[in-house]
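A structural walkthrough
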Amino acid sequence: MGRVEGKVAFVTGAARGQGRSHAIRLAQEGADIIAVDIAAQMDTVPYPMATPEDLAETVRQVEALDRRIVATQADVRDFEQVKKAVDDGVAQLGRLDIVVANAGIFSQGQLETMDDTTFTDMIDVNLTGVWRSVKAAVPHLRAGGQGGSVILTSSTAGLSASQNTGHYSAAKHGVVGLMRTLALELGQDRIRVNSVHPTAVDTDMIQNEAMYELFAPDLPAEGRTREALAPRFGSLTVLEIPWVEAVDISNAVLWLASDEARYVTGVTLPVDAGQLTK
Amino acid sequence: MAFVTGAARGHGRSHAIRLAQEGADIIAVDICETVPGTSYPGATAEDLAETVREVEALDRRIVAAKADVRDLARLREVVADGVAQLGRLDIVVANAGISTDPLTADELSEDAWSTMIDVNLSGVWKTVTAALPHLKAHGEGGSIILTSSEAGLRGYENTAHYVSAKHGVVGLMRTLTLELGRHKIRVNSVHPTQVDTDMIQNDAIYRLFRPDLENPTKDDFAAASQSLMALPIPWVESVDISNAVLFLASDEARYITGVPLPVDAGNYLK
């Protein structure tokens, strides 16, 4: 018996990285999946974003586990796209129990010189996109009458700040405020709401030239390799590891989604190798 | 291999059983007597024997001993004996704790204050201190879980000594996280709201929650307690805390350290 057997989970940003990992981990424990991803590039994002082929690979891996998945290319900046994807998914899979609002982007810049689009894109995806995803899902969670679990992906940057990522930090802090308010608004219907706060995770959003430049502006471009950057990331954590794996976030998501956490709500859960304690 | 304090009943017994269900052997201690000044009968030797029976019924091994967490020498002796019998130590659950009659900070006696700090804060430090040589010995890291409380995150009237001790546990947890990270030893705290155990279901706690009533009942307490939660429940069960402890103890949380984890039905938000 899987830990989320018979449940249906809606995962955003599911084409690759953490989102794909969440979809697979939940499917391993018995859940069917409604997956969305923009699967397209945004102009203000300085690394290649996911593709329709990535989303198809998530579908393949979930189906290989003998679970069902309804995957749709949808942008969390567009409520109607998200709503249609969720409505279609619930129509096909029968219900909704779990929401993992994971879709997010990264870019960098000092707040005083940042252009308007870079800032507003960040808020639109990483904060407002989370709200839209939950808003689209809540009617289905309530309709099930058995409560539910909503997990919002924040970040260590949702609980502390660092330089050159003020728009990201503002969005991720906002997710905490959203989580706490939702926990109060949805509690009477036994819908739990929590946030996870990863440190650096070994995904394409971290392992790219733009992120390397942020962490190693002193190194020449050709010297900014994964190996050269690892000690710099590692110096941020108590456990002295450079980054965690996507599955570590998925295990936290799975626990929060499962009945083992049936009375856990309103909680900020770091998966950060001690970064926030340093 | 897990070391659990306050294991004769309540949370501690539940933690021992839940960890044993998932394959751990147990070193269990409990004071097995009533601590003077507490407002309810303490656990007994028979309670601890029942924990032993329930763990053994799961085909796991358990070494149980009567020990007071205020006595570091005794804790060292018990842990060393347990490790000698069971072979190693990986998990520490510093759970032993007490509560007392509701009094304002200026009404508390020096004895009441000191006993509370001795058991609920210093006892946690002594528990970890006794265990650390064994956790470090094998070089494979470990997981330490400290039982704090909702009262470790916010103040409550009429229980300043308990609130202070439980806040202190958070400071201890954060410092241990920094000191032990290089040994791959993770340290986290759990923060239960009201749990359905003997430490909560007694007249002193009913009066703490219903100062407006002369003789509050369990139902009166339930109504007051539920009004503090975001979820429509009056209290959680011991197993809910155990499931959080199990998650933090497991490899699924291999990179989670320094985290205060509430299991509180949203109490903290209200």
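Here the structure is a predicted model, which means the values were calculated and not measured. (Residues numbered from 1 in each chain as written. Chains lettered and ligands numbered in written order. Predicted model: local features only at pLDDT ≥ 70, side-chain atom pairs only at ≥ 80, totals over all residues. Heavy atoms only, no water.)

**Digging into the overall build of chain B**
We count it as follows: Numbering of helices and strands starts at the N terminus; helices are DSSP runs of H or I of at least 4 residues and strands are runs of E of at least 2. Our radius of gyration is a C-alpha quantity, and the globule rule it is checked against amounts to 2.2 Å times the number of residues to the power 0.38. Partly exposed describes any residue whose relative accessible area lies between the buried limit of under 20% and the exposed limit of over 50%, with all areas from a 1.4 Å probe on protein chains only and scaled to the type maximum. Any two residues having at least one pair of non-hydrogen atoms within 4.5 Å are treated as being in contact. Each accessible area is a Shrake-Rupley result for a 1.4 Å probe, and residues are judged covered by the shown protein chains and nothing else. Just so you know, the count uses Lys and Arg for positive and Asp and Glu for negative, and it drops His and the chain ends. Lys charges are placed at NZ, Arg charges at CZ, Asp charges at CG and Glu charges at CD.
Along chain B, the regular secondary structure elements total eight helices and seven strands. Its C-alpha atoms give chain B a radius of gyration of 18 Å, within 12% of the compact-globule value 18 Å for 270 residues. With respect to the principal axes defined by its C-alpha atoms, chain B has extents near 55 × 35 × 35 Å. With 270 residues in all, chain B has 60% of them scored as buried. Considering only contacts within chain B whose residues lie at least 6 apart along the sequence, 72% involve residues at least 24 apart. For chain B, the accessible surface area stands at approximately 10,300 Å², while carbon and sulfur atoms represent 49% of it. On chain B, the mean spot of the 24 positive side-chain charges and the mean spot of the 37 negative ones are 8 Å from each other.

**Here we look at the environment of D189 of chain A**
Residue and element names in this part refer to chain A. Among the structural elements, D189 can be located in the loop between helix 5 (166–186) and strand 6 (191–198). Separated by 140 residues in sequence, D189 and M49 place their C-alpha atoms 36 Å apart. Setting aside its immediate chain neighbours within four residues, D189 contacts R142 and G147.

**Notes on empty space enclosed by the protein**
Residue and element names in this part refer to chain B. Cut-off, in case you're wondering: Grid spacing is 1 Å over the protein atoms alone, the probe is 1.4 Å, and a cavity is where that probe fits but cannot get out, while a pocket is an open set with protein on both sides within 12 Å along at least five of seven lines and lining residues have an atom within 4 Å of a point. Grid points are joined across faces, edges and corners, and a volume is the space filled by probe spheres set on the points. Note that Gly is not counted as nonpolar here; it falls among the polar residues with everything else outside the nonpolar set of Ala, Val, Leu, Ile, Met, Phe, Trp, Tyr, Cys and Pro and the charged set of Asp, Glu, Lys and Arg.
Per the counting criterion, the structure on display carries one cavity of 30 Å³ or more. Of the volumes computed, that of the largest cavity is approximately 30 Å³. Lining the largest cavity, in full, are P36, G37, T38, I98, T100, A112 and T115. Residues of the lining of the largest cavity, tallied by class, amount to three nonpolar, four polar and no charged.

**Points about unusual backbone geometry**
Residues and elements named next belong to chain B. Positive phi, close to 70°, is recorded for N158, a residue that is not glycine. Within the element layout of this structure, N158 appears in the loop between strand 5 (142–147) and helix 5 (160–180). The residue K184 is not glycine, and still its phi comes out positive at about 60°. Here K184 is to be found in the loop between helix 5 and strand 6 (185–192). On the basis of relative accessibility, which here comes to 53%, the residue K184 falls in the exposed class.

**Quick look at the pattern of salt bridges**
Worth spelling out the cut-off: Here, a salt bridge means any Lys or Arg side-chain nitrogen found within 4 Å of an Asp or Glu carboxyl oxygen.
For the structure shown, the criterion picks out 32 salt bridges over all chains. In this structure, the salt-bridge partner of R13 of chain B is E54 of chain B, at a minimum N-O distance of 4.0 Å. Of this pair, R13 of chain B sits in helix 1 (residues 10–21) while E54 of chain B sits in helix 2 (residues 45–56), and the two are 41 residues apart along the sequence. In this structure R13 of chain B comes out as buried when scored by relative accessible area, which is 19%. A salt bridge links E33 of chain B to K66 of chain B; its shortest N-O distance comes to 2.9 Å. Remark: K66 of chain B occurs in strand 3 (residues 62–66) and E33 of chain B occurs in the loop between strand 2 (26–30) and helix 2; sequence separation between them is 33 residues. Judged by relative accessible area, E33 of chain B falls into the partly exposed class, the value being 40%. With relative accessibility at 43%, the residue K66 of chain B sits in the partly exposed group. The structure contains a network of salt bridges with shared partners spanning R3, R25 and E29 of chain A together with E252 of chain B.

**A short note on the sheet that holds strand 4 (residues 98–101) of chain A**
Residues and elements named next belong to chain A. For the record, the criterion: Here, strands pair whenever DSSP counts at least two bridges between them. Simply put, an axis is a line fit to the C-alpha atoms, just over the touching stretch for a helix, and the angle between two N-to-C directions goes from 0 to 180 degrees.
Across the sheet, which stays open at both edges, the seven strands sit in the order 3-2-1-4-5-6-7 with parallel pairing between neighbours. The strands lining the two open edges of the sheet, one partner per strand, are strand 3 (69–73) and strand 7 (268–271). Averaged over all adjacent pairs, the angle separating strand axes in this sheet is 15°, with direction ignored. Judged from the four bridges that link them, strand 4 and strand 5 (residues 148–153) form a sheet pairing that is parallel. Bridge pairing links V99 to V150 in strand 5. Running at roughly 170° to strand 1 (residues 8–12), helix 1 (residues 17–28) makes contact with strand 1, strand 2 (32–37), strand 4, strand 5 and strand 6 of the sheet.

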